[in-house]
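Tertiary structure, described
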Amino acid sequence: MTLQQIRYVVAVADTNSMNEAAKRLYISQPTLSSAIKDLETEINITIFTRTNKGVILTSEGEEFLGYARQVLNQMELLEEKYIEGKKIKKKFGVSTQHYSFAVKAFVEMVKEFDMNEYEFAIRETKTADVIMDVKNGKSEIGILYINEFNEKVINKLLKDNQLEFHDLVTCKGYVYLWKGHPLAAKEKISMEELLDYPCLSFEQGDNNSFYFAEEILSTYDYRKTIKACDRATMLNLMVGINAFTLCSGIICEELNGSDYCAIPLDIDVNMNIGYISRSYGILSDIGRRYIEELQAYIARATV
């Protein structure tokens, strides 16, 4: 196994195409295909399944890719540090469930660094994708929540993928709605009072299980439900049809705007928000800085 072969695998995974990867690598497609076949033979696994529409990672390939990205990341750091004149952009990515405070902390962290030297990425995405992004090295850190309902399933999934969950904050449940909502003036809101209004939740795609839901009380028998894919759509629905969602109560007005409010839910329910990272890895300096910014923002918001 060579570093060049590892680079080839990552390039194909990033493009989902042998042809596109070959162009990016400035080599011929047959050369690339042959090199990857040689690697698969050497390590005795199938990394990619070839189809008429391109290439798809196998389950074994996904695991290999996670290690491959780590090797390349470490190699880039070595080259930058020890090869004179070698200027390589450092990469840092975060994958998160739909939390405005996670984005706000990312914004504040990015301001501290020279963007000419870093390649940043933040991905608001589905729960399963948060986990897989960190497993495969696409993101260094993932932000999600667990509670009594989903913790066994999520913790097993993290353990199986060699990931660890680190606590950030434990929150009570809140109802998030726009300030013109008929219930917006209440000090607390019961589930019964919410029954006549549409409940919003984030679409989880092929992993649309209650255990992967981003919202607490995902198994509650709501009369009206709507699924959405992004925060902006949810905010529009709140205004347009008096919809609501359930959340942590940690809201960033700078990003979501000041037309919305979080009101305590009149039921004893907790959500434990934290970050995930690879069990066998060490956070980079920029990763640690992001976590510090996240902790500082949460501390201010929960005083």
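Criteria and thresholds
- Residues numbered from 1 in each chain as written.
- Predicted model: local features only at pLDDT ≥ 70, side-chain atom pairs only at ≥ 80, totals over all residues.
- Heavy atoms only, no water.
- Core = buried A, V, L, I, M, F, W, Y, C linked by side-chain atoms within 4.5 Å.
- Buried < 20%, exposed > 50% of the residue type's maximum accessible area, 1.4 Å probe, protein only.
- Contact = heavy atoms within 4.5 Å.
- Phe/Tyr/Trp six-rings, centres within 6.5 Å; stacked < 30°, edge-to-face > 60°.
- Helix = DSSP H or I, 4+ residues; strand = E, 2+ residues; numbered from the N terminus.
- Pairing = 2+ DSSP bridges.
- Axes fitted to C-alpha atoms, helices over the stretch in contact; angles between N-to-C directions.
- Domains from an automatic or database assignment.
- Buried area = accessible area lost by both parts, 1.4 Å probe.
- Parallel < 35°, antiparallel > 145°, perpendicular 65-115°, else oblique.
- Nonpolar A, V, L, I, M, F, W, Y, C, P; charged D, E, K, R; others polar.
- UniProt positions renumbered as here; feature names shortened; annotations may be inferred.

1. Describing the nonpolar core
Counting 46 residues, the largest nonpolar core has Ile 143, Tyr 290 and Leu 294 as the members making the most contacts within it. With near-sequence residues (within four places) excluded, Ile 143 lies in contact with Val 94, Ser 95, Thr 96, Gln 97, Tyr 99, Ala 102, Val 130, Ile 273, Gly 274, Tyr 275, Tyr 290 and Leu 294. Core analysis: the next-biggest nonpolar cluster, separate from the first, contains 22 residues, Tyr 8, Ala 21, Leu 32 and Val 55 among them.

2. Considering the packing of aromatic side chains
Where two aromatic rings form a pair, the distance of their centres and the angle of their planes describe that pair. Taken as a whole, this structure holds 11 aromatic pairs when the rule is applied. Between Phe 106 and Tyr 290, the aromatic rings sit 6.2 Å apart at their centres with planes inclined by 70°, giving edge-to-face as the arrangement. Of this pair, Phe 106 sits in helix α5 (residues 100-110) while Tyr 290 sits in helix α11 (residues 285-301), placing them 184 residues apart in sequence. The same class applies to Phe 106 as to Tyr 290, namely buried. A network of ring pairs unites the aromatic residues Phe 92, Phe 106, Phe 113, Tyr 118, Phe 120 and Tyr 290 as a single cluster.

3. Let's talk about the sheet that holds strand β4 (residues 118-124)
The pairing of strands in a sheet happens through backbone hydrogen bonds and is either parallel or antiparallel. Reading across the sheet, the 5 strands line up as β4-β3-β5-β12-β6 and stay open at both edges, with mixed pairing between neighbours. The sheet is open, and its two edges are formed by β4 and β6 (163-172), each paired on a single side. Strand-to-strand twist in this sheet, taken as the mean axis angle between neighbours without regard to direction, amounts to 20°. Here 3 bridges tie strand β3 (residues 90-96) to strand β5 (residues 141-146), and the two strands are oriented parallel to one another. Bridge pairing links Ser 95 to Gly 142 in β5. Those strands touched by α5 are β3, β4, β5 and β12 (270-278), and its axis lies near 170° from that of β4.

4. Notes on unusual backbone geometry
The backbone of Tyr 26 sits at a positive phi, close to 60°, despite the residue not being glycine. Along the chain, Tyr 26 turns up in the loop between α2 (18-25) and α3 (29-43). Although it is not a glycine, Leu 217 sits at a positive phi angle of roughly 55°.

5. As for the domain arrangement of the chain
The extent of an interface is frequently quoted as the accessible surface area lost upon association of the parts. The domain architecture assigned to the chain consists of domain 1 (3-66), domain 2 (90-169 + 272-302) and domain 3 (171-271). When each unit is reduced to the centre of its C-alpha atoms, the spacing between domain 1 and domain 2 is 28 Å. Contacts between the two partners involve 4 residues from domain 1 and, on the opposite side, 4 residues from domain 2. Of the roughly 330 Å² buried at the junction of domain 1 and domain 2 (both faces included), carbon and sulfur atoms supply 47%.

6. Quick notes on the sheet that holds strand β10 (residues 245-247)
Spatial strand order, β10-β7-β11: 3 strands in an open sheet with antiparallel pairing. On the outer flanks of this sheet lie β10 and β11 (260-264), each paired with one strand and no other. Within this sheet the neighbouring strands show an average axis-to-axis angle of 40°, counted without direction. In this structure, strand β7 (residues 174-178) lies alongside β10, joined through 3 bridges in antiparallel fashion. Pairing of Tyr 176 across the sheet is with Thr 245, part of β10. Relative to β7, helix α9 (residues 231-241) is tilted by about 70°, and along the sheet it contacts β7, β10 and β11.

7. Things to note about the environment of Val 71
By the element assignment, Val 71 lies in helix α4 (residues 59-82). Note: C-alpha distance between Val 71 and Gly 137 (66 residues apart in sequence) is 10.0 Å.

8. A word on the packing of α2 against α3
One can describe the packing of α2 onto α3 by two numbers: an axis separation of 9 Å at closest approach and a directional angle of 105°. By the angle class used here, α2 and α3 are roughly perpendicular. From α2, Met 18, Asn 19, Ala 21, Ala 22 and Leu 25 reach across to α3, where they touch Gln 29, Leu 32, Ser 33 and Ile 36. Taken together, the residues of the contact of α2 with α3 break down into 6 nonpolar, 3 polar and no charged.

9. Re the UniProt feature "domain: HTH lysR-type" (unreviewed entry) in the chain
Per the UniProt entry, the sites bearing "domain: HTH lysR-type" (unreviewed entry) are residues 1-58 in this numbering. The span residues 1-58 is 62% helix and 14% strand, and its two end C-alpha atoms sit 19 Å from each other.

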